[in-house]
Amino acid sequence: MNTIPDFTISPRIDQVGVEERASRFTKRSIKNETKINGLKLALNMIDLTTLEGKDTDGKVKQLCYKAMHLHDVYAGLPTVAAICVYPSMVGVAKKALGDSGIKVASVATAFPSGQSTRDIKIRDTKFAISQGADEIDMVISRGKFHQGEYNFVFDEIAAIKEACGNARLKVILETGELGTYDKVRKASDIAMYAGADFIKTSTGKISPAATMPVTLVMLEAIRDFYYKTGKKIAMKPAGGISKAKLALHYLVMLNEVLGEGWMNNEWFRFGASSLANDILMQLMKQRTGLYQSGDYFSND
Amino acid sequence: MSTKRLTVLKTYKIYIGGQFPRTESGRYYTATNAKGEHLANMCLCSRKDVRDAIGTARGAFGGWSARSAFNRGQILYRIAEMLEGRKAQFIEELMLQGSNKAAAENEVTLSIDRLIYYSGWCDKYQQIFSSVNPVASSHFNFSALEPMGVVTIVAPQQYSLIGLVSLMSPVIAGGNTCVILASEVKPLCSVTFAEVLNSSDLPGGVVNILTGKVSELLPHLSSHMDVNAVCYSETNATAIKMVKENASLNVKRTAIYENEKWMDEKNQSPYYINDFQEVKTTWHPIENIGGAKAGY
């Protein structure tokens, strides 16, 4: 049993240092074979996401088909890691994905605001699990966090983790609403000690969503947690990562902060919808030598 | 001791998305006059500049093609107004590049007039080229024009202003966006023309102007899969063959103008707009109309 630290004294973050370091990761030159491998890895790490009020069964089925058949012209492509949907769509997605091996992740706990009672959040989670969700993406109560009620936030995460059973729990910090890197670090620590399997930056509904410096702060929190407890926590930046090049920058950062042990989709995910197509276009560019057009790739 | 003032020379840059970046490659080439004297250092653009410009043009297409035809006409007119106001500068640059004064003046005024000409056509070519078609069933059948999308243009080498204006105007009048490779040998006033575009009401990204080597960039301008039409205006059989082969990769339209004399008024016509339009034909079911049961 790990002792739970005092979260009020989580490490402070050097803003300038973090931003400078994050910008360094964008200046690596990755070419040819390495680039192709990196792109395929990034593709395999995507949680293909649709989280809209207007989602229909048909839309979700189509997205699942896309997840399994990213671009059939290109033989030997990996699939994405998971489909990410609302709880009401989990059943549809589960059926559509069949035995493809692609996981179904469901947002829960009154996503995206989290402004509801604990009872409802737990029932929301259990419903998603009963429908067959393999992973749960919960949101923390940012309001309570800002009020300094860290115990409340901690207990809530622990309660949801319990409701998850065997499903892996991703804890969304919604860093765009936290404001400072110090708070991002603190929220990361709380989530990890409370039982998160993943920490995730954003819902995608708030701007700014994932940025490289925020992700770096969270990766470093994961590293420190690993050194203290020996337990690996996975990372999921989400929102605003729509270009293949940016995805490669994230992989460089991941490799240099956490190392090879995290370089697969068990330990790292991209929450994205349009990223997949941009990666596919880059892969086709590498193969054919021609710059590609979105016209020749399925939308979803 | 009195000091002699140094003239502040212009840095000629490229025009992408309503901004004036330098080439991403950091390379340059030297523009010279007929005597081989140095005029300016120009950006020697790379394939990545082409890629960026095409991406920007694609992004601008939705907004530009959705503008009303009348509004596009207003904006073309505005470009002409801006050019008129900077006539002297263009005459000077054309003379630097080797034109005599009369020829330079002629080229500038003609360019202004050509913009006005296509400005007028913006809300009229549809009426000329669209049609109601006779069909044998009870449908109302009509064909209307739609812009193609992104057009890449290799501007004529010898007429660096009127050539560019003559090719650009019909393309944007028809609601397309474009990437233009300026005259390689006479690039000065092509870049200065970008300043005119930037101070008119043309949204950024509708026209993007690059400078560099045709031989280096033409393969990319013609093979990029997100380009819908290629316009080439030189007599060079090898280049034309390559353009056509590359265009076939995704069935781009090609417009090859080998014999056009851009200084001639005969070479302005709504058919140049039509060259970059798709025809959409619609079958609308109706009851037969009239005693003759005409099926239109």
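Whatever comes next refers back to the structure up there.
What counts and what doesn't
Residues numbered from 1 in each chain as written. Chains lettered and ligands numbered in written order. Predicted model: local features only at pLDDT ≥ 70, side-chain atom pairs only at ≥ 80, totals over all residues. Heavy atoms only, no water. Pairing = 2+ DSSP bridges. Helix = DSSP H or I, 4+ residues; strand = E, 2+ residues; numbered from the N terminus. Axes fitted to C-alpha atoms, helices over the stretch in contact; angles between N-to-C directions. Salt bridge = Lys/Arg side-chain N within 4 Å of Asp/Glu carboxyl O. Buried < 20%, exposed > 50% of the residue type's maximum accessible area, 1.4 Å probe, protein only. Expected span 1.5 Å × (residues − 1). Contact = heavy atoms within 4.5 Å. Polar contact = N/O pair within 3.5 Å; in protein donor to acceptor, adjacent residues only side chain to side chain. Parallel < 35°, antiparallel > 145°, perpendicular 65-115°, else oblique. Left-handed = near helix turned anticlockwise from the far one by under 90°. Nonpolar A, V, L, I, M, F, W, Y, C, P; charged D, E, K, R; others polar. Phe/Tyr/Trp six-rings, centres within 6.5 Å; stacked < 30°, edge-to-face > 60°. Disulfide = S-S within 2.5 Å.

Caption draft 1: Molecular detail of the sheet that holds strand β4 (residues 139-147) of chain B. Residues and elements named next belong to chain B. One open sheet accounts for three strands, arranged β3-β4-β10; its pairing is antiparallel. Across the chains shown, the open sheet's two edge strands, defined by having one partner strand only, are β3 (131-133) and β10 (277-285). Adjacent strand axes in the sheet meet at a mean angle of 30 degrees when their direction is disregarded. Sheet topology note: the β3/β4 ladder contains three bridges and is antiparallel.

Caption draft 2: Inspection of unusual backbone geometry at higher detail. Residue and element names in this part refer to chain A. Following F111, the chain continues into P112 via a peptide bond in cis, with omega recorded as 0 degrees. Its place among the elements puts P112 in the loop between β3 (103-107) and α5 (118-130). Each neighbour pair has its own omega, and for S207 with P208 the value is 0 degrees, a cis peptide bond. You can see P208 is positioned in the loop between β6 (198-200) and α10 (212-229). The phi dihedral of N32 is positive, around 50 degrees, even though this residue is not glycine.

Caption draft 3: Region of the structure containing the pattern of salt bridges. Residues and elements named next belong to chain A. Summed over the entire model, instances satisfying the criterion amount to 36 salt bridges over all chains. Across the pair R21 and E220 runs a salt bridge, and its minimum N-O distance is 3.2 Å. Of this pair, R21 sits in helix α1 (residues 15-24) while E220 sits in helix α10, and the two are 199 residues apart along the sequence. According to the relative accessible area criterion, R21 is partly exposed, its value standing at 34%.

Caption draft 4: Molecular detail of α10(A). Residue and element names in this part refer to chain A. Along its 18 residues, α10 runs 25 Å from first to last C-alpha, staying within 8% of the 26 Å computed at 1.5 Å per residue. On its buried side, α10 packs onto α1, α8 (175-178), α9 (181-194), β6, β7 (234-236) and α11 (244-257). By the N-cap criterion, in which a side-chain oxygen at the helix start approaches the backbone nitrogen of a residue two or three places on, α10 is capped by T211, the distance to V214 being 3.3 Å. G230, located one to two residues past α10, shows a positive phi value of around 75 degrees.

Caption draft 5: Summary view of the packing of helix α2 (residues 69-85) of chain B against helix α7 (residues 188-199) of chain B. Residues and elements named next belong to chain B. Close contact between α2 and α7 brings their axes to 9 Å; oriented N to C, the two are set at 125 degrees. Our classification of the angle between α2 and α7 gives oblique. Once α2 is placed against α7, the crossing between them reads as right-handed. On α7, the residues that touch I79, M82 and L83 of α2 are F193, V196, L197 and S199. When grouped by side-chain class, the residues that make up the contact of α2 with α7 number six nonpolar, one polar and no charged.

Caption draft 6: The arrangement of the side chain of S202(A) in detail. Residues and elements named next belong to chain A. Looking at where S202 falls in the secondary structure, it is placed in the loop between β6 and α10. Given the relative accessible area of 0%, S202 is considered buried. Reaching out from S202, the side chain makes a polar contact with the side chain of T201 at a distance of 3.0 Å. A distance of 3.3 Å separates a polar side-chain atom of S202 from the backbone nitrogen of A210. If near-sequence neighbours (up to four positions away) are discounted, S202 is found in contact with I172, E174, T175, A209, A210 and A238.

Caption draft 7: Highlighting the sheet that holds strand β8 (residues 270-272) of chain A. Residue and element names in this part refer to chain A. The strand order β7-β6-β5-β4-β3-β2-β1-β8 describes an open sheet built from eight strands, whose pairing is parallel. Both edges of this open sheet fall to β7 and β8, since each of them pairs with a single strand only. Pairs of neighbouring strands in the sheet enclose a mean axial angle of 25 degrees, with direction left out of account. Here strand β5 (residues 168-172) runs beside β6; their pairing, made up of three bridges, is parallel. Looking at β6, one finds that K170 is bridged to F198.

Caption draft 8: Quick look at the packing of aromatic side chains. Residues and elements named next belong to chain A. If you walk through the whole model with that rule in mind, you get 18 aromatic pairs over all chains. Ring geometry for Y226 against Y227: centres 6.2 Å apart, planes inclined by 45 degrees, an arrangement best described as tilted. A relative accessible area of 33% means that Y226 is categorised as partly exposed. Residue classification places Y227 among the exposed positions, given a relative accessible area of 64%.

Caption draft 9: View of helix α6 (residues 162-173) of chain B. All names here are of chain B. Under the 1.5 Å per step criterion, the end-to-end length of α6 is 16 Å for twelve residues, consistent within 8% with the ideal 16 Å. Along α6, twelve of the twelve residues are buried, which leaves the element largely enclosed by surrounding structure. Along α6, the positions that sit buried rather than exposed are I162, G163, L164, V165, S166, L167, M168, S169, P170, V171, I172 and A173. Just downstream of α6 lies G175, where phi reads positive at about 90 degrees.

Caption draft 10: Summary view of the state of the cysteines. Taken as a whole, this structure holds zero disulfides over all chains when the rule is applied. Cysteine C164(A) shares no disulfide, and the gap to the nearest cysteine sulfur, in C84(A), comes to 13 Å. Free of any disulfide, C189(B) has its nearest cysteine sulfur in C43(B), 16 Å distant. Residue C189(B) is classed as buried on the basis of its relative accessible area, which comes to 0%.

Caption draft 11: Examining the side chain of S119(B) more closely. Looking at the secondary structure, you find S119(B) in helix α4 (residues 101-121). Using a relative accessible area of 9% as the deciding quantity, one classes S119(B) as buried.

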